[in-house]
Amino acid sequence: MISLIGFLSLPYLTRVLSPKEFGYIGIMQVILFLVVPVFAFRAESLIGINKAQRTEKEYLNFRNNFISFSMIITSILSFTIILFVFIVYKEFFSLFLFALLIGICRYFISIHNQELIQDGNATLYGKLGLLNKSLLLILTIIFLSFFEMSWEGRFLAILIVDFLFSLLRLFLFSDIVKKFYWSLDMKIIKEIVTFGGPLFLALAASWITFQSDKVIVGYFFSIDDVGFYTVSYAVGSFVNNINQSVRNVYVPKLRKDLSKNKGRTLIKKFQLYYGSFILLVAIISSVIFYKFDYYILGNEYIGTWKIIVFVSFAYAFFGIYSAYGAIFEYYKLTVLKTKITIYGAVSNIVLSLSLIPFFGIIAPAIGTLSSFVLITFFSYKYAIIELDKRGVGN
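Quick caveat: nothing in here was measured; it's all calculated off a predicted structure.

Right, let's talk about the environment of Val-35 for a bit. Position of Val-35 relative to the elements: it lies in helix α2 (residues 19–39). Here Val-35 falls in the buried class, since its relative accessible area comes to 8%. Expressed as a C-alpha distance, the spacing of Val-35 and Arg-106, which sit 71 residues apart in the sequence, is 9.4 Å.

Next up, the structure:
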């Protein structure tokens, strides 16, 4: 249902926002992709992992240290970015300010989501997500259609909704604020830094894999073309939302199995059944937009299906990769995960740039798909090696 609301809102947005305005939304997404992980020192997965491995008292202490440390990082980075942008790029000040404020809200939302996922509370997770998307659509329509705002109206709607739901999650649906106390235990800080530090390289590589195509398109083509990519990724997010929903069920079960030194059967089933299913979804999505992109997206976005095909399959392979990425996270193999992500990032850049003379605007999309196929392959290879090393059974 969450994916459906996002999908149904797209035809409305493509009829009230021009490709150029969607281009600005794409730039915002490029910034947001970095903001939330950096605020969490790239260690947000430790919330779920420690909740699974520690006692309640130990986990509570870890969570408070995690939040305390992150708040220091967030304050320093936010002040530095705002000052720099205000001095050097005043014309983008409002864009960066929106990104930072939304990023702070999503940081706290991500902590609560990690807890819900690990506790297997899919019902509350789904309800909050559904309410979030519904309210976002309502506010977007109000700001864009009734107040006749531009892309700023979309950002304002996102900020209001994320702020509201971050408050609800922190005060009503969790004990995060109620049981918070300031703490900076150097042993825990060291754990966070050790886990998250190497992943900053992975974050840069992930940014290249997920977002560099928009930057490349903006540099070699135009902001309007960035808008086409932003719309294509909005369609691809339908596939990725399915990935996320399945991952929320799969990862906690895998962590429990791995804690008992088993899990191969679960991994094989995920590979076979979910892999086949999500590739079929990508095929169906591609066929639908090949046939009906004019009717779904409107006149200004004709031909976007050429990008949508590659993005949909890229997200499908990303979903398959989740089976192996969760293994690396559980065993805290951050260096290995970083290396694999870098392989994909390098292949993405090389292919995207080298194919532009031959395929034009769709070249970066081809590069993105190729990188996800490569990441999935190497992740499978090294995940099996790590399971063999530890003697993990079925």
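This model, assessed by the stated rule, comprises 10 salt bridges. With a closest N to O distance of 3.6 Å, Glu-386 and Lys-389 form a salt bridge. Of the two residues, Glu-386 and Lys-389 both sit in helix α14 (residues 363–389), three residues apart, roughly one turn of that helix. Judged by its relative accessible area of 61%, Lys-389 falls in the exposed class.

The next thing to look at is a nonpolar patch on the surface. Taken together, the side chains of Leu-280, Ile-283, Ile-284, Val-287, Ile-288, Phe-292, Tyr-294, Tyr-295 and Ile-302 present a nonpolar region at the surface, about 880 Å² in accessible area. Mapping Tyr-295 onto the fold places it in helix α11 (residues 264–297).

Looking now at the packing of helix α9 (residues 199–220) against helix α13 (residues 334–359). Remark: α9 packs on α13, axes separated minimally by 6 Å, with the N-to-C direction vectors making an angle of 15 degrees. On the basis of the axis angle, α9 is roughly parallel to α13. Along this stretch, α9 crosses α13, giving a crossing that reads as left-handed. Between α9 and α13, the contacting residues are Leu-199, Leu-201, Ala-202, Ala-205, Ser-206, Ile-208, Thr-209, Ser-212, Ile-216 and Phe-220 on the first element and Thr-334, Lys-337, Thr-338, Thr-341, Ile-342, Gly-344, Ala-345, Asn-348, Ile-349, Ser-352, Leu-353 and Ile-356 on the second. When the residues that make up the contact of α9 with α13 are grouped by side-chain class, the tally is 12 nonpolar, nine polar and one charged.

The subject of this paragraph is the packing of aromatic side chains. A complete count under the given rule lists 23 aromatic pairs for this structure. The interplanar angle of 50 degrees and the centroid separation of 6.2 Å between the aromatic rings of Phe-143 and Phe-147 together place this pair among those described as tilted. One aromatic cluster is present, built from ring pairs that chain together Tyr-24, Phe-98, Trp-151 and Phe-155. One residue, Lys-214, lies across the ring of Tyr-233, its end atom 4.8 Å from the ring centre. Stacked on the ring of Tyr-331, the Lys or Arg Arg-390 has its end atom at 4.2 Å from the ring centre.

The rules behind these values
Residues numbered from 1 in each chain as written. Predicted model: local features only at pLDDT ≥ 70, side-chain atom pairs only at ≥ 80, totals over all residues. Heavy atoms only, no water. Helix = DSSP H or I, 4+ residues; strand = E, 2+ residues; numbered from the N terminus. Buried < 20%, exposed > 50% of the residue type's maximum accessible area, 1.4 Å probe, protein only. Salt bridge = Lys/Arg side-chain N within 4 Å of Asp/Glu carboxyl O. Patch = residues over 30% accessible without salt bridge, like charges linked within 9 Å, V, L, I, M, F, W, Y side chains within 5 Å. Areas by Shrake-Rupley, 256 points an atom, 1.4 Å probe, with all protein chains shown as cover. Axes fitted to C-alpha atoms, helices over the stretch in contact; angles between N-to-C directions. Parallel < 35°, antiparallel > 145°, perpendicular 65-115°, else oblique. Left-handed = near helix turned anticlockwise from the far one by under 90°. Contact = heavy atoms within 4.5 Å. Nonpolar A, V, L, I, M, F, W, Y, C, P; charged D, E, K, R; others polar. Phe/Tyr/Trp six-rings, centres within 6.5 Å; stacked < 30°, edge-to-face > 60°. Lys NZ or Arg CZ within 6 Å of the ring centre and 35° of its normal.

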